[in-house]
Each structure stands twice: as C-alpha cells, then as structure tokens.
Amino acid sequence: MKKILSPIAVFIITTASYAQVGNVGINTAKPREKLEVAGTYKSQKIITGTTPAITATEKDRYLLLSHSIADNTVKKINPGQANSPGIASIVTYSLNNVNGDWVENFNTKINSDEYSLMVLSAYFDRPLMGSVIAIPSYGVKSVNNEWQIYADYSMLSSQTNGTWTIVCAVYPKTYVKIFPERGPFNLNNTTTGSDTAPILP
C-alpha cells in the first residue's frame, strides 16, 4: 500500500532539512534569521525580550518602549537619561545680526513632509521704537518641503540689528495623527462659534 504524506508533514520535514543547513525563509531567498517571513502575518502572541516592570508611579502615565534589534530587549524610554532616545527634540536657534528686528525667512532645512516643527518661545534682545504697543509675531511655514522660521514686531523697529532666540520642538509626523484643515466655519458676523463635528468628542 502506498503511503501519502500530508502537506503539514512535508512542510515540517522540509523545514527541518533547511534548518540543518542554515536559516529558513518564507518568500525570501536569503533569510537573515533562523526563520524569516517576508510579507504580512497575523499572530495571537509575539515573543520578545523581557519587558521592564511598570512601577506604581508609572501605571497611570503614557509610556513609550523601544525595541533593540541587536539583543531583542525592550526598554522604557527615559528622556532624563543621557543618550536615551526620545519622541521629540528641542532645538534653539540663535539668529543674530538680523535686519533690525525682522526675520522674514530662516530655512531650518528640516523636511516638512516627515517632521513637524513648532515654535515654543521667541525672544528679541533689543529695545524697540514706535508709537504703538505690539506683541511679537513669529512662527513657521513650509516652503519647498522645508520648515522656515519668521519673526517680527509689527509696526515697531530696532535702531540696531539684534538677535532672536527661538526655541522649537521637532517631532516625526509618524507619531501624530494629522487631520485635514477644519472648516470654514461661518461665525455670521459674531465673535463666537463652535465646531459642529469635533475631532475628539
């Protein structure tokens, strides 16, 4: 009587044979690990390195973990530690010898498609002359897919060229959900209004 092997048995025998030679790959000719699968998969359980324990203080906080490909360990991100990874960066730009108090465009060369840039604070170091009271106008704009900074005191001027100190936060856009522009909302010649369908109800 002829014996027929089931497809599962054939797979196990084939896998065992290749395992003796080296790494095994599914949909890849040159597997880099003992088993490498090229494509999508669904798993009920993923085995990784040891996940660090959560303290009582941390249990109500939003925690971020980083996974090391080198040794398969999982670590908590602690921005307080030197050389620790973080989800955002703080950068300070010192723009000196500007035209009076006016910075029309300062190109940070940061890619606006991949990163978000937000001005946290700005400070100008010289007295300003003028007959009005004004607050500084500063911010960022995307020009040719790069973030540019602008800063100025509208209707005021400095008698000498000064220095702007501008503190910014930079973070990858992959960490945030970006919604399309909201509106337009017609306020009907009033000073108040509300969103009819808030993004976070």
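Within every chain, residues take consecutive numbers counted from 1 along the sequence as written. Only residues with pLDDT of 70 or above have their local features reported here, since the model is predicted, and side-chain atom pairs are shown and tallied only from 80 upward, although totals for entire chains, interfaces and linings are computed over all residues. The side-chain quantities take in all heavy atoms of the structure and omit both hydrogens and water.

Here we look at the environment of Ala-53
Counting from the N terminus, the helices are the DSSP runs of H or I reaching at least four residues and the strands are the DSSP runs of E reaching at least two. Relative to the helices and strands, Ala-53 is located in the loop between β2 (35-37) and β3 (65-67). Summary of the burial criterion: residues with accessible area below 20% of their type's maximum are buried, those above 50% are exposed, and those between are partly exposed, where the area comes from a 1.4 Å probe applied to protein chains only. The exposure class of Ala-53 is exposed, given its relative accessible area of 62%. With 23 residues separating them in the primary sequence, Ala-53 and Lys-76 have C-alpha atoms 9.3 Å apart.

Focus: the nonpolar core
Take the buried residues of types Ala, Val, Leu, Ile, Met, Phe, Trp, Tyr and Cys, join any two whose side-chain atoms come within 4.5 Å, and each joined set is a nonpolar core. Residues Leu-95, Trp-164, Ile-166 and Cys-168 are the most contacted members of the largest nonpolar core, which totals 17 residues. Once residues lying within four places of it in the same chain are set aside, the contact partners of Cys-168 are Ser-89, Ile-90, Val-91, Tyr-93, Leu-117, Met-118, Val-119, Leu-120 and Ile-149. Contacts are residue-level and defined by heavy atoms, with any inter-residue pair within 4.5 Å sufficient.

Observations concerning the sheet that holds strand β10 (residues 164-172)
One open sheet accounts for three strands, arranged β5-β10-β7; its pairing is antiparallel. The sheet terminates laterally at β5 (89-95) and β7 (115-124), the two strands that pair on one side only. The mean angle between the axes of side-by-side strands here comes to 25°, regardless of whether they run parallel or antiparallel. Two strands are counted as paired when DSSP detects at least two bridges linking them. When β5 meets β10, the two strands line up antiparallel, connected through seven bridges. Paired with Leu-95 across the strands is Trp-164, a residue of β10. Geometry is summarised by axes, namely lines fitted to C-alpha atoms with helices restricted to the contacting stretch, and by angles between N-to-C directions that run from 0 to 180 degrees.

Focus on the environment of Gly-130
With respect to the element layout, Gly-130 can be found in the loop between β7 and β8 (136-143). Each C-alpha atom, one on Gly-130 and one on Ser-157, is 6.7 Å from the other, the two residues being 27 residues apart in sequence.

Shape descriptors only; they carry no functional weight alone.
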